[in-house]
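Okay, here's what each chain looks like letter by letter:
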Amino acid sequence: MTTATDLGHQDLDQQAPQGLSLAEQAYRALRDRLIMLDIAPGEPLHEGQLVTELGYGRTPLREAMKRLETDHLVVSYPRRGTFATRVDITELATVSEVRQLLEPLAARKAAGNVDPDTRAALIRAREDIARLSQDSPWRDVMAVDLAVHRLVYRTAGNQHLEESLIRLDNLATRIWCVVVDRLPEVAGHIREHLGLLDAILGGDQDRAESIAAEHVRHFDAAVRSAI
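Residues numbered from 1 in each chain as written. Predicted model: local features only at pLDDT ≥ 70, side-chain atom pairs only at ≥ 80, totals over all residues. Heavy atoms only, no water.

## Thoughts on the overall build of the chain
In plain terms, the rule: Helix and strand labels come from DSSP, where a helix needs a run of H or I of at least four residues and a strand needs a run of E of at least two; each type is numbered from the N terminus. In this description the radius of gyration comes from C-alpha coordinates, and the expected globular size is given by 2.2 Å times residues to the power 0.38. For every residue, the accessible area (1.4 Å probe, protein chains only) is compared with the maximum for its type, and the residue is labelled buried under 20%, exposed over 50%, or partly exposed between those bounds. Note on contacts: a residue pair qualifies if any of its non-hydrogen atoms lie within 4.5 Å across the two residues.
The helix and strand inventory of the chain stands at 11 helices and three strands. Across the chain, helices and strands are ordered from the amino to the carboxyl terminus as α-α-β-α-α-β-β-α-α-α-α-α-α-α. Over its C-alpha trace the chain gives a radius of gyration of 17 Å, about what one expects of a compact globule, namely 17 Å for 227 residues. Oriented by its inertia axes, the alpha-carbon framework of the chain measures out at about 55 × 40 × 30 Å. Out of the 227 residues in the chain, the part that is buried amounts to 48%. Relative to all contacts within the chain whose residues are 6 or more apart in sequence, the contacts with residues 24 or more apart total 75%.

## A look at helix H8 (residues 159-179)
Spelled out, the test is: In a helix, the anticipated span is given by 1.5 Å times the number of residues less one. Polar contacts here mean pairs of N or O atoms no more than 3.5 Å apart (in protein, one a potential hydrogen donor and the other a potential acceptor; neighbouring residues in sequence count only if both atoms are side-chain atoms).
Taking 1.5 Å as the rise per residue, H8 with 21 residues should run 30 Å; its terminal C-alpha atoms sit 31 Å apart, in good agreement. Across the 21 residues that make up H8, a large majority, 15, are buried. If you check the start of H8, you find a side-chain oxygen 3.0 Å away from the backbone N of His160, and it comes from Asn158.

## Examining the packing of aromatic side chains
We describe a pair of aromatic rings using the distance from one ring centre to the other and the angle between the two ring planes. Just so we agree on the cut-off: Pairing of aromatic rings covers Phe, Tyr and the six-membered ring of Trp, with a centre-to-centre limit of 6.5 Å; geometry is then stacked below 30 degrees between planes, edge-to-face above 60, and tilted otherwise. Whether a charge sits over a ring comes down to the Lys NZ or Arg CZ being within 6 Å of the ring centre and within 35 degrees of the ring normal.
Per the stated rule, a full pass over the model turns up two aromatic pairs. Here the aromatic rings of Trp176 and Phe219 are separated by 5.2 Å at their centres, their planes lie at 20°, and the arrangement is stacked. You can see Trp176 sitting in helix H8 and its partner Phe219 sitting in helix H11 (residues 205-226), a full 43 residues away along the chain. The same class applies to Trp176 and to Phe219, which are both buried. A cation sits over an aromatic face here: Arg67 above Tyr27, 3.7 Å from the ring centre.

## Quick look at the packing of helix H2 (residues 22-35) against H8
Heads up, the condition is: Angles here are taken between N-to-C directions and fall from 0 to 180 degrees, while the axes themselves are lines fitted to C-alpha atoms, restricted in helices to the stretch in contact. Note on residue categories: nonpolar means Ala, Val, Leu, Ile, Met, Phe, Trp, Tyr, Cys or Pro, charged means Asp, Glu, Lys or Arg, and polar means any other residue, Gly included.
With their axes 9 Å apart at the nearest point, H2 and H8 run at an angle of 35° to one another. Together, Arg31, Leu34 and Ile35 of H2 and Ile166, Asn170, Thr173, Arg174 and Cys177 of H8 make up the contact between the two elements. Partitioning the contact of H2 with H8 into residue classes produces four nonpolar, two polar and two charged.

## Let's talk about the environment of Thr82
Tracing the chain through its elements places Thr82 in strand E3 (residues 81-84). Placed 17 residues apart in sequence, Thr82 and Met65 show a C-alpha to C-alpha distance of 8.3 Å. The contact partners of Thr82, leaving out residues within four places of it in the chain, are Glu43, Pro44, Leu45, Met65, Val74, Val75 and Ser76. At a separation of 2.9 Å, a polar atom in the side chain of Thr82 contacts the side chain of Ser76.

Spatial relationships are all this shows, so hold off on functional conclusions.
So, in structure tokens, the structure goes:
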């Protein structure tokens, strides 16, 4: 399994298309650092430092920053610069409200849209989850969780649905990372995806939809219990 430690700051979309533009690469690299709180909430993003650190030019980085601001992951202030947004736990209710509608839809569509390549990716994702234990570092667990969610969204085959859910899941994951040290057993929450992946692989749309809805409810309840 590729773990978060192995990934470092690389893109967590392990099944992402090849040949991405430099702006897209910069966007994904920064996005995942912000999600995993490698760039702390409220921390400034210095363009020159990022150019040196990531190896992308200023133009790709600026394009990435614009997209990240739309995603509510960074905020820019005139004459002050760009900063990672604060994590507002009070947004949990509104994020969960929309995810409760869209996650089941994506799961249902994914279960009816599995092709041979997707099947192989889903099986690999299932194997990654099965390897997790209660002793797995939380970063490894969250890397697998992000990759599985993004794979399911992609399998659904609706670009607008995929993009909307990725943005919502990114915000939800940032909230999760803030409270993760107060949660009892993070890997257990991620293992709920085993049933979801089995339902998708089996083409059981009703079961996939039901499991996805329950997963969002469990997520919301777990975070609330840790606040």
